[in-house]
There are 2 protein chains.
Amino acid sequence: MKKNKAISGEEGNGPLMADVARLAGVAISTVSRALATPDRVNAKTREKIMRSARQLGYTPNAIASSLRAGKSNLIMIILPGSLFYGMSQVIPQILHSINTTLARNGYHLMIANLDRDETSERHILNLAFGSAVRGALIFSSDLPDDGSRSFADTALPVVSILRDLSGLSFPSVVTNDRAAMREATEKLIGLGHQRFLYITAEQGNYHDRERYGGVVDAMETASLPKENIVLSGGALSYQEGFRIGTEAADHFATLAEKPTAVLATSDDMAVSFMSAVRQQGWRIPEDISIISFDGSPACAFCFPPLSAIEQPVEAMGRAAAELLVDLIERNERASGQRVVIPSRLICRESIAAPS
Amino acid sequence: MKKNKAISGEEGNGPLMADVARLAGVAISTVSRALATPDRVNAKTREKIMRSARQLGYTPNAIASSLRAGKSNLIMIILPGSLFYGMSQVIPQILHSINTTLARNGYHLMIANLDRDETSERHILNLAFGSAVRGALIFSSDLPDDGSRSFADTALPVVSILRDLSGLSFPSVVTNDRAAMREATEKLIGLGHQRFLYITAEQGNYHDRERYGGVVDAMETASLPKENIVLSGGALSYQEGFRIGTEAADHFATLAEKPTAVLATSDDMAVSFMSAVRQQGWRIPEDISIISFDGSPACAFCFPPLSAIEQPVEAMGRAAAELLVDLIERNERASGQRVVIPSRLICRESIAAPS
DNA sequence: TTGTAGGCGTTATCAG
DNA sequence: CTGATAACGCCTACAA
């Protein structure tokens, strides 16, 4: 009833502009104009065309427009495989807010996994260099490189999220990892804690450096020795958060001088650590205080409710998408601008003064 | 160094096949062949072409190929906005496994939010009818419809995930909601429980019907009266899982005859319920046993560790993507086939015999 | 084995 | 205001 594509065509790929033109008794170009710039065509003709289009169920072929226009309306987001697991809803939340913002501006979002194989890097580079996408968002990742081409050389507008790549002149939307961690540490110091366990993944990566730096800052300000920070983890990726937290608890058990407070760099590490030390007989927060990073909604329902540095995921996604759209629209690219969206420390029952 | 695009062209959209041809001293078509069907061109010519291509950093224009071929290699996944929140990692996990499978077969994954506004429905229909995508995965959603076009009429290959749409002749990859819930209920009945609180979202939707049905099945088999199932929630979407669980705890507090076991239809509902009833002074599992649905990895680290029906998210994603690729490759579409990937009941400390 | 020519569906330019 | 025509970049008969 709505669709009319010839005689059941089997493969008939839907009506074309030409079909609409024929039905309306005008030239193809007139149809095109009626659709793109309605006020540049006579009202009556326009009406006729619109009616024909509706009657045929015509939908413009997006690929043909893209080819003609020399640009697509696809945005690619590069996601590290390691962030797909765990309880923190960083990925879905950010995808949702980005996608909503992009859709509102007429763009579509394509996902590109950045796994640890070279195929995925090549895929991404093909997309970037093959004019398949109009812009890219790169989420907490390094720049793909397949040996002969590097993402750094792309002519695409790119915005980095979470990781600060403004030094490479990619505009970046980040949070204040360092200051937030410093604030959390100061909070614990204020409660009387002096000895900390810092649990991390992938020691030395951007987030670890920033966050650890924040802890050190706070210690220095309070004139506490750096040696009071015991490190745990550091060898695995964020994807392994639960394992990192569990192992940190084992590590904790072996320590002669126990830290009284824990700073975990992801929710997964925090909850698995809490679960394991509880089984060892420690109480939270009486024996151990703990604050984590990410602050997914589930933290409020942990036992005890988990204090956390809450990353403004939605806001970051929105900001990044808007920045990218703006870049595209203004036909720019470089500019090492840096948007910082602050994280908030949410204190819940997992912290208290040491006993 | 790698890229050579004329004299810094400003807008020069990268080298074309024509550039490669010129550099190699052959015709464009020969370049095309050398890239697509290498053995149909002289080894020496091929070499020359490959070298030129590499030297220029040539990457084929994906849009042009798609137009020429009459088909894109984009797959769209339709995701309901309501599933982007909460602790269960259904969305990221399934995106990851789908994307990996698709990438291996040369396809790319595009996200389409299905929010509650008509714009998003129109967007999706434009994609489906505008030849922009080659196939679609529809994740636990109803079929988009903008009033004049319906997704049901699309000529695209479509696979439904989680929701059984095989009746509408869309191949579907689902889990055994009903049987799994039945098994969970039987487990609790076996422990001696006779009175249940069933917490749900969106009463009457596909998942609710299936899951509730499973509870009823188990009750009937055990000759327990249906009245022993107390319902909570049912008015909000899955997105509101934490709120649903919290409210269910309030509801629980008002009940004269307390259920001794709880069946929650998402992890979010379960953890927020546990958190709230604990504050009311109840103990789990001594006073209340609880089993949830989804079984995200974090369940193992709850307090107490949460028993759950674990959905095989990865496997479902992989199966759906493979099914879709197969459909595309074999040029088919309809076929109400239904792949069931069973969920597993994982028992942890949140259940025990009633006291 | 290689080259020539035409077309995929749309849009922009230029006449009429 | 409308119509013919030429691209967009690639691929594939078909011809050489």
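Residues numbered from 1 in each chain as written. Chains lettered and ligands numbered in written order. Predicted model: local features only at pLDDT ≥ 70, side-chain atom pairs only at ≥ 80, totals over all residues. Heavy atoms only, no water.

**As for the overall build of chain A**
Short version of the rule: Think of it this way: any DSSP run of H or I at least four residues long counts as a helix, any run of E at least two long counts as a strand, and we number them from the N terminus. Here the globule rule reads 2.2 Å times residues to the power 0.38, and the radius of gyration is calculated from C-alpha atoms. Working definition: with a 1.4 Å probe on protein chains only, accessible area under 20% of the residue-type maximum means buried, over 50% means exposed, and in between means partly exposed.
Looking only at helices and strands, one finds 11 helices and 12 strands in chain A. For 355 residues, the compact-globule estimate of 2.2 N^0.38 gives 20 Å, and chain A exceeds it by more than 25% at 27 Å. Seen through its principal axes, chain A has C-alpha atoms that stretch 90 × 40 × 35 Å. Buried positions account for 55% of the 355 residues belonging to chain A.

**Some words on the interface of chain A and chain B**
Formally: Note on contacts: a residue pair is in contact if any heavy atoms of the two residues lie within 4.5 Å. By buried area we mean the combined loss of accessible area, with a 1.4 Å probe, across both parts when two parts are placed together. For this analysis, a salt bridge means a side-chain nitrogen from Lys or Arg found within 4 Å of a carboxyl oxygen belonging to Asp or Glu. Polar contact is the term for a pair of N or O atoms within 3.5 Å; when the atoms are in protein, one must be able to donate a hydrogen and the other to accept it, and sequence-neighboring residues count only if both atoms are side-chain atoms.
Taken together, the 65 residues of chain A in the interface contact 66 residues of chain B. Of the roughly 5,400 Å² buried where chain A meets chain B, counting both sides, 60% is carbon and sulfur surface. Summed over the shared surface of chain A and chain B, the number is zero salt bridges. For the pair chain A and chain B, the interface holds 14 residue pairs in polar contact (both at pLDDT 80 or more).

**Considering the protein's contact with DNA strand C**
Applied cut-off: We call a residue near a molecule or strand whenever a single non-hydrogen atom of that residue lies within 4 Å of it. Under this grouping Gly is polar, as are all residues other than the nonpolar Ala, Val, Leu, Ile, Met, Phe, Trp, Tyr, Cys and Pro and the charged Asp, Glu, Lys and Arg.
Taken together, 21 residues are adjacent to DNA strand C, and Y58 and R68 of chain A together with S29, T30 and T45 of chain B come closest. Of all atoms in DNA strand C that approach within 4 Å of the protein, 61% are sugar or phosphate atoms. Side-chain polar atom of S32 of chain A to a phosphate oxygen of DNA strand C: 3.0 Å apart, as the coordinates give it. Within the side chain of Y58 of chain A, an N or O atom sits 2.6 Å from a phosphate oxygen of DNA strand C. The residue inventory of the surface near DNA strand C, partitioned by class, reads 10 nonpolar, eight polar and three charged.

**Focus: the environment of S120 of chain A**
Residue and element names in this part refer to chain A. When you line up the elements, S120 lands in helix α6 (residues 118–129). S120 sits 24 residues away from P144 along the chain, and the two C-alpha atoms are 8.8 Å apart. Contacts of S120, omitting those with residues within four sequence positions, involve N113, L114 and D115. Among the polar contacts made by the side chain of S120, one reaches the side chain of D117 at a distance of 3.1 Å.

**What about the pattern of salt bridges?**
As a working rule, side chains carrying opposite charge can pair if their charged atoms are close by. Residue and element names in this part refer to chain A. Overall, the coordinates contain 26 salt bridges over all chains when judged by the stated rule. A salt bridge links E257 to R195, with the shortest nitrogen-to-oxygen separation between them at 3.6 Å. Note that E257 is positioned in the loop between α9 (241–254) and β8 (261–264) and R195 in the loop between α7 (177–191) and β6 (196–200), a separation of 62 residues in sequence. Here the residues in one salt-bridge network are E240, R243 and E247, joined through shared partners.

**What about the packing of α9 of chain A against helix α10 (residues 267–279) of chain A?**
All names here are of chain A. We apply this condition: Only the contacting stretch of a helix is used when fitting its axis, a line to C-alpha atoms as for every element, and angles between N-to-C directions run 0 to 180 degrees. Note on angle classes: values under 35 degrees are labelled roughly parallel, values over 145 roughly antiparallel, values of 65 to 115 roughly perpendicular, and the remainder oblique. Helix crossings are classified by the rotation of the near helix relative to the far one: an anticlockwise turn of less than a right angle makes the crossing left-handed, while a clockwise turn makes it right-handed.
It is at 7 Å that the axes of α9 and α10 come closest, and there the two elements cross at 40°. On the basis of the axis angle, α9 is oblique to α10. Two packed elements cross with a definite hand, and for α9 against α10 that hand is right-handed. Judged by residue contacts, G241, F242, I244, G245, T246, A248, A249 and F252 of α9 engage D268, M269, V271, S272, F273, A276 and V277 from α10. Considering only residue class, the contact of α9 with α10 consists of 10 nonpolar, four polar and one charged.

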